[in-house]
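So you can see what is in the structure, the chains are spelled out below.
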Amino acid sequence: MSLANLSFFVNEAGTNMKRSAMMAFITISTISIALVMMGAFLLATMNLESFLQQMQSEALVTAYLKSGFAITDAKTLSLRLTSWEEVEDIEVVTPDQAARELFSSPDDQQLLKIGFGEGNNPLPTTLRIKIKSGSILESLLQKLKIEPMIDNISYGEDLFQQFHGMSQLLWLISLVIVILLGLASLFIVYNTVRLTLFMRREEIVIMKLVGATNWFVRGPFLVEGFIQGLVGSFLAIVVLFSAYRFMLAKLAELIPFFTANIGFEQLFKLSAKLLMMGIVLGISGSLLSLRDISKFSKSSPEGV
Amino acid sequence: MLPELANFCLQNSLFAINDYNCYNPTKVLNRLAKHTDNMIELQSVTRIFPNGVRALNNISLIINPGDFVFLVGPSGAGKSTFLRMLFREDTPTEGKIIVDGKDITLMPESRVPYLRRNLGIVLQDFQLLKRRTVAENVAFGLRVIGASAAEISNRVQEALEQVGLSHKRRMFPTELSGGEQQRVCIARAIVNNPLILITDEPTGNLDPMISQEIMQLFLEINSRGTTIIMATHNHNLVNKLRKRVVALVDGQIIKDELGGTYAYE
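No experiment lies behind these values; they were computed from the predicted model shown. (Residues numbered from 1 in each chain as written. Chains lettered and ligands numbered in written order. Predicted model: local features only at pLDDT ≥ 70, side-chain atom pairs only at ≥ 80, totals over all residues. Heavy atoms only, no water.)

### Side note on the overall build of chain A
Piece 1. When helices and strands are tallied, chain A shows ten helices and four strands.
Piece 2. The helix and strand sequence of chain A, counted from the amino end, reads α-α-β-α-β-α-α-β-α-β-α-α-α-α.
Piece 3. Residues classed as buried in chain A amount to 44% of the 304 residues present.
Piece 4. Here chain A has roughly 16,700 Å² of accessible surface; of this, 66% comes from carbon and sulfur atoms. (Helix = DSSP H or I, 4+ residues; strand = E, 2+ residues; numbered from the N terminus. Buried < 20%, exposed > 50% of the residue type's maximum accessible area, 1.4 Å probe, protein only. Areas by Shrake-Rupley, 256 points an atom, 1.4 Å probe, with all protein chains shown as cover.)

Here you go:
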C-alpha cells in the first residue's frame, strides 16, 4: 500500500464518519458497551484470582513428620527447607509443644500429665511452614509430598478448593460472556458497515468503473473499522477503570483494611487486551461486510 | 498504420502509460506496435441471461485503433450488454472478447481493475459524486491507481481544460447543468488517457444543442487516437457525423457500415 493510498483511505474514512456520524456513533457505542461488559467480567475474575493467590500465599502449611525421627532430624530438615524459594519461615513444633498447645486450658493440664507424659505422647513432630507471598502453594506441596520424612500435609485444602472452583467457574463464565458479547457486537458492526455500504453504493460503483481494486474499495472501510474499534475500546477503558476506581473507593469505605488486589501492570495488560479486542472487532466487522464487495459494484442491474 | 498512429499519439502526448513512475515513450510505442490490428474483437459472442433472454446472439465484430463506432438499435437490442462486456461488467455465455490484445473473457476478476484503467467509461446517468467537487470527481480515476498529489493536480487540470470546465473545478455537480455534468464525466474518463472510450447514451439526458457540444468533445478525443464506441438513440448526430455504424436488433448485428446512417430497419 502506497503512502498516497493510505492518506486517501484515512481522509475518506474521516470524511465518511463525519457524513455518517450516527452510524459511526452506533458502532463505537456498541464496541464500547461490549468491551465494558467484557472488561468488567475479566476484572472480577482477575480480582478473585488475585484474592485466591493472596490467601494461598498467607496460608500456613503444616507438615507432620513420620514417627521415629529425632528432633535434630526435624531441625536439619527445617534448615534444608528454609532454602526453598517458596518458604518464608519454618517453625519446628515438638510433640510436647504440640500437646501443650492442644491442652492449653488449666483444666486440661491434668489430662496432659496423665495421657501425654514423656514417652507417651502420640503427637508427631511438625513443621509449620509460612510461604513467601506471591509464590505458588501447589509447587511447594508437590515438593513436600516427596520428602521421605514427611508423613502428612495440611493447609486448609477444602477452603482452597472451593475458591479454586469458584475462580475456574468465573473464568468459564467470563469466557462465554466474552465470546457472546464479541459475536453480538461483531454482528452489530457488520450490519452498520453493511448499511454504510448501501449508502455509498454509488461511490463504490464509480470507484470500480475507474479501475479500483476490491482492496482499494475496502481500504477506507477498514480504516474506519480500525478507528471505530480504537475509539470504542479507548472509551471502554476510560469508563471501566473510572467505575473500578469508584467501586474500590466505596469498598474501602465499607470494609476496613480493604486493599485492591490488582496491580498497575495487570490493569495495563487488561487495557491492552481490550484495545486489541476493540480493533479486532472493528476491522473484522468491516471485513465480514466487505467480503462480497463485488455485489455492490455493478454499474447497473443486469439487463439488455 | 500502427507505427504512424503510435507516433501521432506520442507527438500529441496521448497514450501515457498509467504507471506514472515509469512513463516511457518507447514503451508506449512498443505497446502500440505489438498491437494486433484490432483494438476490440468479438468472436461469436452470445449472452443468455439466467431468465433465458438471449441478449446477444453469435456476434462477431472487429474495431480498429482510432475507430469511432456508433452502436445503434432499438431499446432491448443488446447495446448496453455489448458495452458492459467490453469493460467486463458482464461476461459472454459463449464466445470470446479481446480488448487491447487481451482475452478478457477468461480474465480473472482480480485483473479487471487493470483493464478498466485503460478504458474510459461514460454512462447516460452522469454518475458523479454529488458531495465531491468537479476536480475531486475527475481525480477519482487517478486516486484509485495511487497517483501522487502533484500528478493528480496536473492531470485533472489538463482534463478539465480539454472539456472546458477548468474554471468550475471547485463547484459541486449539483451546481452544474446537465451538459456540464456530462463533461465532468468525460473529463474523468479521459484523465487516464485511455486507449478506448466506451459510452452509453451520453447525450440521452441532454438537449440537442448540448448534445452537439458533447459530441464535438468526443470527436476531439477521437481525433487524438482514442477509439470510441458509443451506444446512442440520437439519430440526428449519427446521420450528421457519418461514422462507422453498427446496428443491433434482437441481439444480432444487422448492419455494420462505414460512414453509415442511423437507419436499421
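### Quick word on the overall build of chain B
Piece 1. Assigned secondary structure in chain B consists of nine helices and ten strands.
Piece 2. The buried share of chain B, reckoned over its 265 residues, is 56%.
Piece 3. For chain B, contacts bridging at least 24 residues in sequence account for 68% of all contacts bridging at least 6.
Piece 4. Total accessible area on chain B is roughly 11,100 Å²; 48% of this is exposed by carbon and sulfur atoms. (Contact = heavy atoms within 4.5 Å.)

### Points about the packing of helix H5 (residues 134-143) of chain B against helix H7 (residues 178-190) of chain B
Residues and elements named next belong to chain B.
Piece 1. Across the interface, H5 lies against H7 with an axial gap of 7 Å and an inter-helix angle of 30°. Relative to H7, the element H5 lies roughly parallel. In this structure, H5 meets H7 at a crossing whose hand is right-handed. Residues Val134, Asn137 and Val138 of H5 lie in contact with H7, whose contacting residues are Val184, Ala187 and Arg188.
Piece 2. The residue inventory of the contact of H5 with H7, partitioned by class, reads four nonpolar, one polar and one charged. (Axes fitted to C-alpha atoms, helices over the stretch in contact; angles between N-to-C directions. Parallel < 35°, antiparallel > 145°, perpendicular 65-115°, else oblique. Left-handed = near helix turned anticlockwise from the far one by under 90°. Nonpolar A, V, L, I, M, F, W, Y, C, P; charged D, E, K, R; others polar.)

### A closer look at the nonpolar core
Piece 1. Grouped together as the largest cluster of nonpolar side chains are 82 residues, with contacts concentrated most on Ile186 and Phe218 of chain B.
Piece 2. Ranked by residues supplied to this core, first place goes to helix H9 (residues 214-254) of chain A with eleven residues.
Piece 3. What phenylalanine 218 of chain B contacts, discounting residues up to four positions off in sequence, is Phe68, Ile186, Leu197, Thr199, Pro202, Ile228 and Met230 of chain B.
Piece 4. Of all hydrophobic cores here, the second largest spans 33 residues; its members include Leu56, Ile63, Phe82 and Phe87 of chain B. (Core = buried A, V, L, I, M, F, W, Y, C linked by side-chain atoms within 4.5 Å.)

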